[in-house]
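# Overview (structure and organization)
The lines below spell out each chain.
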Amino acid sequence: MIRRFRETYRRLRLGTRLALGMGVLSLVVFAVVGASLSMYMRDYLERQLNDQMKLVQLTQSKDVEAYGTVQGKPYYGWYTASYEVSANSAVLREPADVPADADELAVVAQAVRDSGDDPVFRTAHIKGEGTYRLRACEPEPGVVLVTAAPMDDIEDTMDQLATVQVVAFALALVGLVVFGRAVLRRGLKPLSDMAHTARGITSHDFTDSARLPVRADRGNGGPEVEELRTAFNTMLEHIDDSLAVRTEAEQRLRRFVADASHELRTPLMSVRGYADLFQYAAANEPEEREKHLARLRAEAARMGILLDDLLLLARLDAAEVEAPVRLENADLAELVRQAAEAFRAARPDHPLAVTAGPDPVRLRLDALRIRQVLDNLLTNAAVHTPAGTKVSVEVSVVPDAAVVRVTDSGPGIPAADQERVFDRFFRIDKARSRDRGGSGLGLAVARSLVQAHGGTITLTSGPGATTFTMRLPLAS
């Protein structure tokens, strides 16, 4: 039974449980207040009755002194008697107005002599009469006057008071539970709204969109509810951002796998085709064999470069597992000069200007990887600009960083493509051949390598000026 009650209570809504708890607490308070009020009222009525009996006995004491007994009955239902009290007994003086069972009166009379108190009060039940309040006093030595007053009026008053209390407290309790539940339901409505929002999240379909178009609306819930709502919305924002990042990562991974598969498929198909041609030429046209073998080697080399770039990007993505760069002291200005000399030799149709101070710019870096970044930036400037386009490289030192700027005076990069130039396998000119335009991994590799050194690489472009800016920390 108790277990079933607990299970039923746990299934109740929070507002109902709070209202019931408030009702139980109020019931305890009402019981304490009612009991205290009843005790005070009974004590007050008994004191009034004691005072009334005292006044009556003052008058009756004169009769005892004058006549030896009480001559008249003070009130209807009251009893008065005088006793001669000795060491062992209390003898009733006649005539006396006493009930048929007067033992309790004699006991009270004897108690005056035994205890030495004057007066003595007792509450006793007299057979056939009911509950009486007894008062005994000693008006003269050896004589005890006992007065018995019925307590029916006090009992009736207490019963009426208890009835009024029960009815009033019951109505107050019902009203408190009913209206309290309504107030609590209104106060807890923001929590219900947040629960509804949470249910909306569980029913949201993430296949089409990774965003959470639900938030907890503002309302009148007090500071605590407002703090909870703010924390709830903040949590949704974090979940929203995490889902967006996850979705973007998944999409990038799909694009990366698709692009890598496509990029690898082309040289593999070429290798297979040139291998078949080489086999045919070896059997039928020996003079063509070396040409097909050279093409086969070129495709294999291009595929090897692509695989090397993919492997490097994978190592950079897993930098916490495998160190992708090996830092050592090197002169950045000297690396720029070496890259410029190699560029002039390979791209004589693009004039190159180098601006660097006479002092070395020494940093902690991987010289091989930074040289790869410089070669990628310079090659990118030559590949995507027409012959004769001027290219410049500038090395400078600013507070806490060394800066290298590679600028070309070509047509520039469209604004819509500037945010994606560092994406893997992204090409600005989709129609450009792979032999000339590359695989689309050069800038992605450059950015990853610079970030592995704790630096940044940015792009600013417009008609007639495209600048890649690489910043490396001086204290890397």
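Residues numbered from 1 in each chain as written. Predicted model: local features only at pLDDT ≥ 70, side-chain atom pairs only at ≥ 80, totals over all residues. Heavy atoms only, no water.

## Remarks on the packing of aromatic side chains
Applying the stated rule across the entire model yields 3 aromatic pairs. Where phenylalanine 30 meets phenylalanine 169, the ring centres are 4.8 Å apart and the plane angle is 10°; that geometry is what we call stacked. Of the two residues, phenylalanine 30 is situated in helix α2 (residues 14–67) and phenylalanine 169 in helix α4 (residues 152–187); the sequence distance between them amounts to 139 residues. Its relative accessible area of 25% is what places phenylalanine 169 among the partly exposed residues. Ring geometry for tyrosine 79 versus tyrosine 132: centroids 5.9 Å apart, planes at 45°, classification tilted. In this pair, tyrosine 79 sits in strand β1 (residues 79–85) while tyrosine 132 sits in strand β4 (residues 130–140), placing the two residues 53 residues apart along the sequence. Relative accessible area serves as the criterion here: at 10%, tyrosine 79 is assigned to the buried category. (Phe/Tyr/Trp six-rings, centres within 6.5 Å; stacked < 30°, edge-to-face > 60°. Helix = DSSP H or I, 4+ residues; strand = E, 2+ residues; numbered from the N terminus. Buried < 20%, exposed > 50% of the residue type's maximum accessible area, 1.4 Å probe, protein only.)

## Quick word on the sheet that holds strand β3 (residues 120–126)
Taken together, the 5 strands give an open sheet; going across it, the order is β2-β1-β5-β4-β3, and neighbouring strands pair in antiparallel fashion. Unpaired on one side and paired on the other, β2 (90–92) and β3 mark the two borders of the sheet. Going from strand to strand, the sheet's axes swing by 35° on average, the running direction of each strand aside. Across 3 bridges, β1 lies against β2 in antiparallel orientation. Bridging from a neighbouring strand, glutamate 84 pairs with valine 91 of β2. (Pairing = 2+ DSSP bridges. Axes fitted to C-alpha atoms, helices over the stretch in contact; angles between N-to-C directions.)

## Some points on the confidence of the model for the chain
In this model, the chain carries an average pLDDT of 78, and 76% of its residues clear a pLDDT of 70 or more. Here helix α11 (residues 434–437) stands out as the least confident element of the chain, with mean pLDDT 47; strand β10 (residues 401–408) is the most confident, with 93. When the criterion is pLDDT under 50, residues 430–437 qualifies, and its contacts beyond four places in sequence or with other chains add up to 12 contacts. (pLDDT = per-residue confidence, 0-100. Contact = heavy atoms within 4.5 Å.)

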